[in-house]
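Residue-level listing of the chains:
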Amino acid sequence: EAGVTQSPTHLIKTRGQQATLRCSPISGHTSVYWYQQALGLGLQFLLWYDEGEERNRGNFPPRFSGRQFPNYSSELNVNALELEDSALYLCASRLYGRVNTEAFFGQGTRLTVV
Amino acid sequence: KQEVTQIPAALSVPEGENLVLNCSFTDSAIYNLQWFRQDPGKGLTSLLLIQSSQREQTSGRLNASLDKSSGRSTLYIAASQPGDSATYLCAVNLAGTYKYIFGTGTRLKVLA
C-alpha cells in the first residue's frame, strides 16, 4: 500500500512568487494535515482538511492557503513568497472520525525561496 | 495553550545502551500521543501510537509509556544501534481540535 506522497520533492522560487505543493494521502484516509518545519525549528501546524473542508488553521498569514479535492488529495499554496518561508513542508494523513488512529507523514517538499 | 517539551535535546551514546527519551505536555486533554523518528531532511516515520486510555505500547525494541494525568510520556529504546540515530519527536493529538502539537525533539546519536 502506498504511503503519503508529496510533490515536488524540491522547489526553488524567487521572493514574491507563488508556490504550490501537493499531497496524496493514504488510500481511505480523509484527513490531511500540513506542517511547516523551518531549519532549526519545530513542526508548526499550518492547516487541516477533511472531507473537502478546512477544519482548522494555525497561526499563519492568509497567504498560506490550500484546498482538498474530492479524491482527498490536497494542495498547499503559498503566495507572495518571503525568504522566511524557506522550509520543509510536511503533509500527513489519517482516518477522520476515529480519534485513535495513527497519522502518517510524507517525505516532504523542501521549499527554498531566493 | 498546549506545550510539548522533550528532554534531553540531544543524546550521544555507545552502541548497545538502553535509552530513555522523555516527553512532557501541559494539557492532559488529548486523544492520543504518537512517537515519530525523523532522519535528516526527511519526513516523519511513525513509531508508536498510545491512546489516552492506554499506559504502554510496545513495538520490537521500542516501548512507550503514557501517564496522562502527570502529562508525561517516555520512549524506551533497548539495545541501541547506530541505525537508531535520528531525531525523535513526540506529538499529542489535542482533544476537540484533532491538531497534532509536536515536541521540540531529541537528537540521538548512537556510536558504533
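Residue indices follow the written sequence of each chain, beginning from 1 at its first position. Following the order in which they are written, the chains are lettered starting with A and the ligands numbered starting with 1. The model is predicted, so local features are restricted to residues of pLDDT at least 70 and side-chain atom pairs to those at 80 or more, both for listing and for counting; the totals for chains, interfaces and linings are taken over all residues. Neither water nor hydrogens contribute to the side-chain values; these are computed over all heavy atoms in the structure.

> Could you give me a rundown of the interface of chain A and chain B, with the residues and numbers involved?
Accessible area lost on assembly of the parts is the figure often given for the size of an interface. If you look at the interface, chain A gives 20 residues, while chain B gives 20 residues. For the pair chain A and chain B, the two sides together bury roughly 1,800 Å², of which 56% comes from carbon and sulfur. Definition of a polar contact: a pair of N or O atoms within 3.5 Å, with one able to donate and the other able to accept a hydrogen when the atoms are protein atoms, and with sequence-neighbouring residues admitted only if both atoms are side-chain atoms. There are six residue pairs in polar contact (both at pLDDT 80 or more) connecting chain A and chain B. Going along the chain from the N terminus, every DSSP run of H or I of four or more residues is numbered as a helix, and every run of E of two or more is numbered as a strand. Those elements that place two or more of their residues in the side of chain A that touches chain B are strand S4 (31-37), strand S5 (43-50) and strand S9 (87-94) of chain A. When residues are sorted by character, Ala, Val, Leu, Ile, Met, Phe, Trp, Tyr, Cys and Pro go into the nonpolar class, Asp, Glu, Lys and Arg into the charged class, and all the rest, Gly among them, into the polar class. By residue class, the composition of the side of chain A that touches chain B is eleven nonpolar, six polar and three charged. Whether two residues are in contact is decided by their heavy atoms: any pair within 4.5 Å suffices. Summed over both partners, buried area is the accessible surface (1.4 Å probe) that two parts give up on being assembled.

> Break down the sheet that holds strand S1 (residues 5-7) of chain A for me, citing the residues and quoting the values.
All names here are of chain A. With respect to topology, four strands assemble into an open sheet ordered S1-S3-S8-S7, the strand pairing being antiparallel. Only two strands of the sheet have a single partner each, and these edge strands are S1 and strand S7 (64-68). Averaged over all adjacent pairs, the angle separating strand axes in this sheet is 20 degrees, with direction ignored. At least two bridges found by DSSP between two strands are what make those strands a pair. Interaxial angle, 0 to 180 degrees, is taken between N-to-C directions of lines fitted to C-alpha atoms, where a helix line uses only the stretch in contact.

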